Amino acid sequence: MNEGQPLFDADFEQRFETLLRWRRDVRHFAPRPIAEQDMAHILAQAALSPSVGNSQPWRFVRLRSPGIREALARHVDEQNARAAQRYAGQEREGEYLTLKLHGIAEAPEILAVFCDEQTPTGHGLGIATMPEMLRYSCVTAIHTLWLAARIRGIGIGWVSILDPEAVTAMLDVPAHWSLIALLCIGYPDADSYTPELERRGWQAREPLAERLFER
Ligand SMILES: Cc1cc2nc3c(=O)[nH]c(=O)nc-3n(C[C@H](O)[C@H](O)[C@H](O)COP(=O)(O)O)c2cc1C
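Please read these numbers as outputs of a predicted model, since none were measured by experiment. (Residues numbered from 1 in each chain as written. Predicted model: local features only at pLDDT ≥ 70, side-chain atom pairs only at ≥ 80, totals over all residues.)

Undergrad: Just to check I follow, could you spell out the nonpolar core for this structure?
TA: Nonpolar side chains tend to gather and get buried jointly when the protein is soluble and globular. Formed by 37 residues in total, the largest nonpolar core has its most connected members in Val113, Leu145, Ala149, Ile156, Leu183, Cys184 and Ile185. Mapped onto this core, the elements with two or more residues apiece are α2 (36–46), α3 (66–84), β2 (109–116), α5 (133–151), β3 (155–159) and β4 (177–186). The element that contributes the greatest number of residues to this core is β4, accounting for eight residues. Sequence-distant contacts of Ile185, defined by excluding residues within four places in its chain, comprise Ile34, Ala107, Pro108, Glu109, Leu111, Ala149, Ile154 and Ile156. (Core = buried A, V, L, I, M, F, W, Y, C linked by C-beta atoms within 7 Å. Buried ≥ 20, exposed ≤ 12 C-beta atoms within 10 Å, placed from the backbone. Helix = DSSP H or I, 4+ residues; strand = E, 2+ residues; numbered from the N terminus. Contact = placed C-beta atoms within 7 Å.)

Here's what the structure looks like:
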């Protein structure tokens, strides 16, 4: 069945490229709440993402409890301090300690994304040899969410310096859900076309030619 192809004209293409260039991982948030309809909208758009077997294994947990938020922030601070030890005595130690690696205390919204490893949806299609495809499907939803949020001026920061088991326990979800991401969501303090880690001299984007191979 051909339902007709929507028109994505040159102007749309250019704006899409701008969105991709401007997206940014955001760590510094303005104290401005996100409207309920914006949260609903970006989550609904994320749910349009592709998934193996159409399994839609993403499970979004919106944090409402100030107590859990505090515990999460404390946990990530502890894990950051541990991770810093990796750089002890090295050139990057000072830089690591000044990087802002999460905004859990300040972000107006915290969203945890889990993968339901036992979802019956999709009837197991496509995961016989690579069950991790369920988790990759959740990542597609996160990226869609990221772009959908950014179109509305909302930023997202992906926090991964954490112990997934500890965070899963704090959020009290079913045992067969695995943590994919902890996301800080809010309006950015500032916008930039350059990743913060590049601006800070930690790691720049590298040429695509170095990432592209032919066989
Ligand atoms: C899977 C994933 C995990 C990430 N985890 C962290 C993190 O724990 N701390 C952090 O500061 N940034 C984290 N980031 C953000 C990256 O540092 C950021 O995407 C990268 O520097 C490129 O910057 P940009 O997203 O602004 O283009 C993560 C990004 C991804 C995709």
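Undergrad: Help me out: how do you make sense of the pairing of β2 in this one?
TA: On a regular strand, one side chain projects to one face of the sheet and the next to the other, so that they alternate. The buried count for β2 comes to seven of eight residues, which makes it a mostly enclosed element. In this structure, β2 lies alongside β4, joined through eight bridges in antiparallel fashion. Residue pairing for β4: Val113 is matched across the bridge by Ala181. (Pairing = 2+ DSSP bridges.)

Undergrad: How should the site of the ligand be read in this particular structure?
TA: Taken together, Arg24, Asp25, Leu101, Trp158, Val159, Ser160, Ile161, Pro195 and Leu197 are the residues near the ligand. Residues of the shell around the ligand, tallied by class, amount to six nonpolar, one polar and two charged. (Near = placed C-beta within 6 Å. Nonpolar A, V, L, I, M, F, W, Y, C, P; charged D, E, K, R; others polar.)

Undergrad: Explanation requested: unusual backbone geometry in the structure shown.
TA: Excluding glycine, most residues fall at negative phi; most peptide bonds, likewise, are trans. Positive phi, normally seen in glycine, also occurs at His123, with a value near 55°. Following the sequence through the fold, His123 ends up in the loop between β2 and α5. The class of His123 is exposed, set by 11 C-beta atoms lying within 10 Å. Positive phi is not limited to glycine here, since Asp172 has a value of about 55°. By secondary structure assignment, the location of Asp172 is in the loop between α6 (164–171) and β4.

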